[in-house]
Amino acid sequence: MKQRIITGLIMVFVALMSIIYLPTLYFSISLALVCFVGISEWDSLIDLSKSESTKFNSIFWLIIGIAFGFSYHSTDLIPPIAIYFLMIMSVFWLAMPLILSVYAKSPLACLTYKLSLVILSILTLLAFILALSILHGKHWAWVILLITLVAGADSMAYFVGRKIGKRKLAPSISPGKSIEGALAGISSGLIIAIIAAFWIDMNILQTLGFIILCGIMVIISICGDLFESLIKRHRGVKDSGTILPGHGGVLDRIDALTAAAPLFVCGLFLLGIF
């Protein structure tokens, strides 16, 4: 536990310094470096051969390079492209509760098929970089708010689940998660959203929409966590990696964010807040 706390404090400090003080371009590059570690962990989870891993990494960095090239040379073009892509990823994550409920009753081979996971890993990490970069470009406080919503809900779900959790949320996917914990996490997200709404310039309808968006986003963040748990369970491992002592791998820390971030950005655009 001591090691977990120390690692957690270091992660929080580094993340805050990066979010607050780095210009958006360098912040995006730092996200890409984090995702570089995430891609290597996906290599292990998907169980790729050495040649497959080389191709996988090459494709990921080619796509990242193209994305950065567009953002640097065509600033008028990248926002709509980014938003359309994030909308597609949002629809995918919004469908995840249904996908997971179907999987819990009858495992879907397509979810653990190697090619499916390669494509999903690249798209989800790219969406993660784009979404957080857009938020940071608006103001770094949006990134802090997103992380607070997701991390706050995750922490509340963990502690409440351990104390009073009785009913399993998805026992065939992640036996440790409870319905009571999930409800506590959603409630935490709603409370944080209500508090945040006082500092955001919104009309009444936007405020209501914002609170609903945050509630849905927390649900999707839980699904993102469950999706990675599904992959780890299929692979027979507890953590995605060992780079973060006491916390596992990078994917273990950002799985919920990768699901929540695209929806958060798209929701803010649709509500007219951005």
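Residues numbered from 1 in each chain as written. Predicted model: local features only at pLDDT ≥ 70, side-chain atom pairs only at ≥ 80, totals over all residues. Heavy atoms only, no water.

A. Spotlight on the confidence of the model for the protein chain. On average, residues of the protein chain carry a pLDDT of 81, and 84% of them reach 70 or more. Looking over the protein chain, one finds the lowest element-wise mean pLDDT in helix α6 (residues 109-112), namely 63, and the highest in helix α9 (residues 179-197), namely 91. Segment residues 72-78: pLDDT under 50, and six contacts once partners within four positions in sequence are set aside and those in other chains are kept. (pLDDT = per-residue confidence, 0-100. Helix = DSSP H or I, 4+ residues; strand = E, 2+ residues; numbered from the N terminus. Contact = heavy atoms within 4.5 Å.)

B. Local environment of empty space enclosed by the protein. On inspection of all chains with the given rule, the structure shows one cavity of 30 Å³ or more. Its boundaries defined by the atoms lining it, the largest cavity holds a volume of some 100 Å³. Lining the largest cavity, in full, are Trp42, Trp93, Thr124, Leu125, Gly224, Phe227, Glu228, Leu251, Asp255 and Thr258. If you list the elements that add at least two residues to the lining of the largest cavity, you get α7 (114-138), α10 (204-235) and α11 (250-270). Its residues placed into classes, the lining of the largest cavity shows five nonpolar, three polar and two charged. (1 Å grid on protein atoms, 1.4 Å probe; cavity = no way out; pocket = protein on both sides within 12 Å on 5 of 7 lines; lining within 4 Å. Points joined across faces, edges and corners; volume = space filled by probe spheres on them. Nonpolar A, V, L, I, M, F, W, Y, C, P; charged D, E, K, R; others polar.)

C. How the structure looks around the packing of aromatic side chains. Scanning all chains against the criterion turns up four aromatic pairs. Taking the centre distance of 5.0 Å and the plane angle of 70° together, the rings of Phe92 and Trp93 count as edge-to-face. Judged by relative accessible area, Trp93 falls into the buried class, the value being 3%. Taken together, the ring pairs in this structure connect Phe92, Trp93 and Phe227 into an aromatic cluster. (Phe/Tyr/Trp six-rings, centres within 6.5 Å; stacked < 30°, edge-to-face > 60°. Buried < 20%, exposed > 50% of the residue type's maximum accessible area, 1.4 Å probe, protein only.)

D. Region of the structure containing a nonpolar patch on the surface. On the surface, Ile6, Ile10, Val12, Phe13, Val14, Leu16, Met17 and Tyr21 cluster together to form a nonpolar patch covering roughly 770 Å² of accessible area. Structurally, Tyr21 can be placed in helix α1 (residues 2-21). (Patch = residues over 30% accessible without salt bridge, like charges linked within 9 Å, V, L, I, M, F, W, Y side chains within 5 Å. Areas by Shrake-Rupley, 256 points an atom, 1.4 Å probe, with all protein chains shown as cover. Salt bridge = Lys/Arg side-chain N within 4 Å of Asp/Glu carboxyl O.)

E. Molecular detail of the pattern of salt bridges. Using the criterion set out here, one finds two salt bridges in the structure. Glu180 is paired through a salt bridge with Arg167; the nearest N and O atoms lie 3.1 Å apart. Of this pair, Glu180 sits in helix α9 while Arg167 sits in the loop between α8 (140-164) and β1 (168-170), placing them 13 residues apart in sequence. Relative accessible area serves as the criterion here: at 15%, Glu180 is assigned to the buried category. Between Lys177 and Asp225 there is a salt bridge, and its shortest N-O distance comes to 3.6 Å. Pair noted here: Lys177 is in strand β2 (residues 174-178) and Asp225 is in helix α10, with a separation of 48 residues, a long-range link. With a relative accessible area of 22%, Lys177 lands in the partly exposed category.

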